[in-house]
Amino acid sequence: MNAKPNGYFTEENSVEVVTARNAGAKDARLKQVMEVVTRKLHEAVKEIEPTQDEWFQAIMFLTKTGHMCTDWRQEFILLSDVLGVSMLVDAINNRKPSGASESTVLGPFHVADAPELPMGANICLDHKGEDMVISGRILDTDGKPISGAVLDVWQANDEGFYDVQQKGIQPDFNLRGVFRTGADGRYWFRAVKPKFYPIPDDGPVGQLLNALGRDPYRPAHLHFILKADGFETLVTHIFDPDDPYIATDAVFGVKQSLLAEFRKVDDAARAKVLGFKGWFWDVEFDFVLTRGAGT
Ligand code: BEZ
Ligand code: FE
């Protein structure tokens, strides 16, 4: 009998046989990644012991996920989001020193060429919703203001839709804007209070959430990208802590440090100065950037 292992596949040696076949991989990182993926995947299959039908269902789920993808719909990213993988990759790549603002997912609704606006501008172009003023400072980790920092903001409207989801209903660039800080590092702008909304749930990922008894909703939030020379770019949100879905964000994007206070203000004199008709929401939030390469 031949003592040398023949390399034929068995249930017991499945990982070793597949991994050994990749010995000649040209890219060492790919080889390492595939070794880990093979080990973990085989481990999962051995624990689950799927029937042939169940395995085919899994294949069909991934097939439908692929078919759902278009230039503007990325169902695989959505899958990664609801599995918590997007937030895990984000966390691994954005480990921050204490005191620095934390990051969260980018999401699919950012538009690259939003207009640069003067400080104080109202980004709500159709004036639908509850008035809100947002202000704060962009600081370094020593608490010093960052001059020339660029804040790119976008949010859903008071019905939970982004402008790009309602073309012809909302004006283009509704609830989007780019602001640049002066020497004091301060920013402020006006908007309306955003509402919670479902992630796109008319595809296989929505069906999966439904089957798992999970909500497709994201709690109300504003998105930000903050950039400044000599600092790491920060992709983040601020959240309304009183939102009904704050503890069950479909994509796990909420972090304690990103909860802002949404204060309801009934002050006629301030409302008049801000150009609001009555009571309004007041949100103050400072962002702290870490020094680094920037983008
Ligand atoms: C968003 O907040 O815009 C978002 C993030 C992940 C998936 C879907 C939407
Ligand atoms: Fe969003």
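Preceding block: the structure.
So, here is what we can say about the structure in this document. (Residues numbered from 1 in each chain as written. Chains lettered and ligands numbered in written order. Predicted model: local features only at pLDDT ≥ 70, side-chain atom pairs only at ≥ 80, totals over all residues. Heavy atoms only, no water.)

What to know about the site of ligand 1
At step 1: Neighbouring residues of ligand 1: Leu78, Asp81, Gly107, Pro108, Phe109, Tyr162, Tyr197, Ile199, Arg218, His221, His223 and Val251.
At step 2: Within the side chain of Arg218, a nitrogen or oxygen atom sits 2.5 Å from an oxygen atom of ligand 1.
At step 3: Notes on ligand 1: free accessible area 270 Å², of which the protein chains cover 100%.
At step 4: Counting residues per element, the ones that place at least two in the shell around ligand 1 are α4 (75-82) and β7 (221-227).
At step 5: Partitioning the shell around ligand 1 into residue classes produces 7 nonpolar, 3 polar and 2 charged. (Near = heavy atom within 4 Å. Polar contact = N/O pair within 3.5 Å; in protein donor to acceptor, adjacent residues only side chain to side chain. Areas by Shrake-Rupley, 256 points an atom, 1.4 Å probe, with all protein chains shown as cover. Helix = DSSP H or I, 4+ residues; strand = E, 2+ residues; numbered from the N terminus. Nonpolar A, V, L, I, M, F, W, Y, C, P; charged D, E, K, R; others polar.)

Observations regarding the sheet that holds strand β3 (residues 176-180)
Strands belonging to one sheet form pairs held by backbone hydrogen bonds; the direction of such a pair is parallel or antiparallel.
At step 1: Strands sit in the order β3-β2-β7-β8 across an open sheet of 4 strands; the sheet is antiparallel. In the strand order of this sheet, the two ends are held by β3 and β8 (234-239), each with one partner. Across the sheet, the mean angle from the axis of one strand to that of its neighbour is 20°, orientation sign disregarded.
At step 2: Note: strand β2 (residues 150-155) against β3, 5 bridges, orientation antiparallel. Directly across from Trp154, in β3, lies its bridge partner Arg176. (Pairing = 2+ DSSP bridges. Axes fitted to C-alpha atoms, helices over the stretch in contact; angles between N-to-C directions.)

Structural notes on the nonpolar core
Nonpolar side chains in soluble globular proteins tend to be buried together.
At step 1: Counting 30 residues, the largest nonpolar core has Leu151, Phe189, Leu222, Phe224 and Phe287 as the members making the most contacts within it.
At step 2: Counting residues per element, the ones that place at least two in this core are β1 (131-140), β2, β4 (186-192), β7, β8, β10 (280-284) and β11 (287-289).
At step 3: In terms of residue count, the dominant contributor to this core is β4 (4 residues).
At step 4: If sequence neighbours within four positions are ignored, Phe224 has contacts with Leu151, Asp152, Val153, Trp154, Phe189, Leu234, Val235, Thr236, His237, Ile238 and Phe287. (Core = buried A, V, L, I, M, F, W, Y, C linked by side-chain atoms within 4.5 Å. Buried < 20%, exposed > 50% of the residue type's maximum accessible area, 1.4 Å probe, protein only. Contact = heavy atoms within 4.5 Å.)

Re the coordination of the iron ion (ligand 2)
At step 1: Taken together, Tyr162 (OH), Tyr197 (OH), His221 (NE2) and His223 (NE2) make up the protein donors of the iron ion (ligand 2), found 1.9 to 2.1 Å from the metal.
At step 2: Every donor counted, the 6 donor atoms about the iron ion (ligand 2) form angles of 53 to 163° at the centre, which fits irregular coordination.
At step 3: Motif for the iron ion (ligand 2), donor spacing along one chain: Y-x34-Y-x23-H-x1-H. With Tyr162 in the loop between β2 and β3 and Tyr197 in strand β5 (residues 197-198), the pair connects residues that are 35 residues apart, well separated along the chain.
At step 4: On the accessibility criterion, Tyr162 (0% relative accessible area) is buried. (Donors = N, O, S within 2.8 Å, 3.2 Å for Na, K, Ca; no water. Tetrahedral: all angles 85-135°; square planar, octahedral: opposite > 155°, others 65-115°.)

Considering a nonpolar patch on the surface
At step 1: Side chains of Leu30, Val33, Met34, Val37, Leu41, Val45, Trp55, Phe56, Ile59 and Met60 sit close together on the surface and give an oily, nonpolar patch of about 840 Å² of accessible area.
At step 2: Those elements giving two or more residues to the nonpolar patch turn out to be α2 (28-48) and α3 (52-68).
At step 3: With 6 residues, the single largest contributor to the nonpolar patch is α2.
At step 4: Inspection of the secondary structure assignment puts Met34 in helix α2. (Patch = residues over 30% accessible without salt bridge, like charges linked within 9 Å, V, L, I, M, F, W, Y side chains within 5 Å. Salt bridge = Lys/Arg side-chain N within 4 Å of Asp/Glu carboxyl O.)

Some points on the packing of aromatic side chains
At step 1: The tally for this structure, following the rule as stated, stands at 13 aromatic pairs.
At step 2: Consider the rings of Tyr187 and Phe287, whose centres lie 5.9 Å apart with planes at 40°: the pair is tilted. Residue Tyr187 is found in strand β4, and its partner Phe287 is found in strand β11; the two are separated by 100 residues along the sequence. When sorted by exposure, Tyr187 lands in the same class as Phe287, which is buried.
At step 3: The ring of Trp281 carries Lys193 above its face, with NZ or CZ at 4.6 Å from the centroid.
At step 4: Sitting over the face of the ring of Phe196, Lys195 holds its NZ or CZ atom 5.1 Å from the ring centroid. (Phe/Tyr/Trp six-rings, centres within 6.5 Å; stacked < 30°, edge-to-face > 60°. Lys NZ or Arg CZ within 6 Å of the ring centre and 35° of its normal.)

Examining the packing of α3 against helix α6 (residues 204-211)
For any two helices packed against each other, one specifies the inter-axial angle together with the distance between the axes.
At step 1: In the contact formed by α3 and α6, the axes pass within 9 Å of each other and the chain directions differ by 135°. The angle between α3 and α6 falls in the class oblique. When α3 is examined against α6, the residues Phe61, Lys64, Thr65 and Met68 are found in contact with a partner set consisting of Pro204, Val205 and Leu208.
At step 2: Across the contact of α3 with α6, the residue classes tally to 5 nonpolar, 1 polar and 1 charged. (Parallel < 35°, antiparallel > 145°, perpendicular 65-115°, else oblique.)

Here we look at the side chain of Arg190
At step 1: Note on placement: Arg190 falls in strand β4.
At step 2: Buried charge without a partner: Arg190 forms no salt bridge, and the closest opposite charge is Asp131, 7.7 Å away.
At step 3: Here Leu274 takes part through its backbone oxygen, which lies 2.7 Å from a polar atom of the side chain of Arg190. (Lys, Arg positive; Asp, Glu negative; His and termini not counted.)

Describing the packing of α4 against α6
At step 1: Axis separation between α4 and α6 bottoms out at 9 Å; the angle between their running directions is 25°. It follows that α4 is roughly parallel to α6 by the angle criterion. On α6, the residues that touch Glu75, Leu78, Leu79 and Val82 of α4 are Pro204, Val205, Gly206, Leu208 and Leu209.
At step 2: Along the lines of polarity and charge, the residues of the contact of α4 with α6 split into 7 nonpolar, 1 polar and 1 charged.

Fair warning: the whole summary comes from geometry, so function is off the table for now.
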